[in-house]
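# A look at the structure
Each chain, written out:
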Amino acid sequence: MKQYLVTGGAGFIGSNFIHYLLAKYGSEVRIVNVDKLTYAGNLDNLKDVANAPNYRFVHGDICDARLMDELVPPADVVVNFAAESHVDRSIGAPDDFIKTDIYGAFVLLEAARKYGVKKFIQISTDEVYGSILDGSFKESDRLEPSSPYSASKAGADRLAFSYFVTYGLPVVITRCSNNYGPCQFPEKLIPLFVTNALEDKSLPIYGDGKNVRDWIYVMDHCDAIDFLISHGDDGQVYNIGSGNERTNLDITGIILRELGKPESLMTWVPDRLGHDRRYSVDTAKIRALGWKPGHTFEEAMTSTIRWYRENKWWWEKLKTGEYLEFYKQNYKRDL
Ligand code: NAD
Ligand code: DAU
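Not measured: the values here are computed from a predicted model. (Residues numbered from 1 in each chain as written. Chains lettered and ligands numbered in written order. Predicted model: local features only at pLDDT ≥ 70, side-chain atom pairs only at ≥ 80, totals over all residues. Heavy atoms only, no water.)

### Brief notes about the pairing of strand β5 (residues 119–125)
Burial analysis of β5 places 7 of its 7 residues in the buried class, the great majority of the element. Residues Lys119, Ile121, Ile123 and Thr125 of β5 are buried on one face, and the alternating residues Phe120, Gln122 and Ser124, pointing to the opposite face, are buried as well. Note: strand β4 (residues 77–80) against β5, 4 bridges, orientation parallel. Paired with Val79 across the bridge in β5 is Ile121. Of the crossover connections in this fold, the one passing from β5 over helix α5 (residues 148–167) to the parallel strand β6 (residues 171–176) is right-handed. (Buried < 20%, exposed > 50% of the residue type's maximum accessible area, 1.4 Å probe, protein only. Helix = DSSP H or I, 4+ residues; strand = E, 2+ residues; numbered from the N terminus. Pairing = 2+ DSSP bridges. Right-handed = clockwise from strand over helix to strand, strands pointing away.)

### Re the environment of Arg175
Within the secondary structure, Arg175 is located in strand β6. Taking C-alpha positions, Arg175 is 22 Å from Pro186, a pair spaced 11 residues apart along the chain. Polar side-chain contacts of Arg175 include one of 2.9 Å to the side chain of Tyr129. (Polar contact = N/O pair within 3.5 Å; in protein donor to acceptor, adjacent residues only side chain to side chain.)

### Comments concerning the nonpolar core
Counting 34 residues, the largest nonpolar core has Tyr4, Phe17, Ile31 and Val79 as its most contacted members. Ignoring any residue separated from it by four or fewer positions in sequence, one finds Val79 in contact with Tyr4, Leu5, Val6, Thr7, Phe17, Ile121, Ile123, Ile225 and Ile229. Among the nonpolar cores identified, the runner-up in size contains 28 residues, and Ile205, Ile255, Tyr308 and Trp315 belong to it. (Core = buried A, V, L, I, M, F, W, Y, C linked by side-chain atoms within 4.5 Å. Contact = heavy atoms within 4.5 Å.)

### Brief notes about the site of ligand 1
Ligand 1 sits among 28 residues. The nearest are Ile13, Asp35, Ser85, Tyr149 and Lys153. Take Ile13: an N or O atom from its main chain is 2.8 Å from an oxygen atom of ligand 1. Here an oxygen atom of ligand 1 sits 2.9 Å away from a polar atom, N or O, in the main chain of Asn179. In isolation ligand 1 offers 840 Å² of accessible surface; the protein chains occlude 97% of this area. The set of elements that each furnish at least two residues to the shell around ligand 1 consists of α1 (12–25), β5, α5 and β7 (178–180). Ranked by the residues each element gives to the shell around ligand 1, the list is headed by β5, at 3 residues. (Near = heavy atom within 4 Å. Areas by Shrake-Rupley, 256 points an atom, 1.4 Å probe, with all protein chains shown as cover.)

Structure below.
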């Protein structure tokens, strides 16, 4: 039986990954999920598996070395999702990004080195490369992160690599593009716009709306991580993406059409500071190993929009209180 330590497993991608593992491997895996339950951590994401005999939740912080000394030793595989993940928040208050994304990764890597973990997956991001107007970044391209978020992720990405070079820790680093799917906190573009549209609220478009992201369905990302746990080479970086590049205006149009809402909901707001124009990754390296995404953009977007429409209970309670205050203070507008 393979033992996994999943960090940040109560968040968007981590919780989908836990579902993925349990659905695919059943009782062949044992999973411990350690999560600090920040505003983005949500145990509703794991309600259906909370009592599974081979799954355990631990409320804790990856910066807590004593706790990591307890949780890391039994694990064969550590998958580090835990992070502060929202670019806009990193612009307003970078502190927690430095703490969790860099120092937290360091604490985990130290424990993994001490206890001889067999695989350490560092979930990095395509944002570490920065923006690219033409072509796509390869894994060997230099990193030019532009926000405190992506700079903190780049720090952890390279720190993980250094643990391979210096100590021989079997590290694999993934750099995935923008994910979409169920259980994404409604501050990110797609869940924010879908839930706002469902409530007939405005959709705040930054700048000219022509920034481009490559959208991948979250389960394809989970599948790629699982694939790399078995097939990825130690010390290597792998880009992950689907090749579905869309402007933010394209995404907005799809959401409005799918929900039958008017274009008048679109509102133009000042641009994000340091807003990266386009992200694009070359995924030839992982494809050469035999991996490819299993979902089409059209079908997965439709099912994602349907999920938010049918699961109001999940997001309605998130769009109140502290979250609303954050928006009022940072953007001088209501949602
Ligand atoms: P998320 O914000 O939804 O989830 C992050 C989780 O980490 C939350 O459950 C939170 O409670 C937990 N967490 C935060 N600080 C912690 C700490 N100190 N100790 C333990 N847990 C802590 O983020 P996400 O979108 O699911 O992203 C997961 C990972 O994937 C991140 O590392 C992110 O950088 C990376 N990534 C995200 C995307 C994307 O499109 N969302 C794309 C590529 C890479
Ligand atoms: O590329 C991978 C990254 O994708 C991950 O590493 C990050 O964790 C994840 O948050 C995401 O970062 P982005 O900044 O690309 O995602 P976000 O959903 O915040 O924004 C997507 C695009 O939409 C971006 O160009 C900004 C724009 N946008 C976003 C919001 C929230 C708007 O126009 N209006 C909005 O209200």
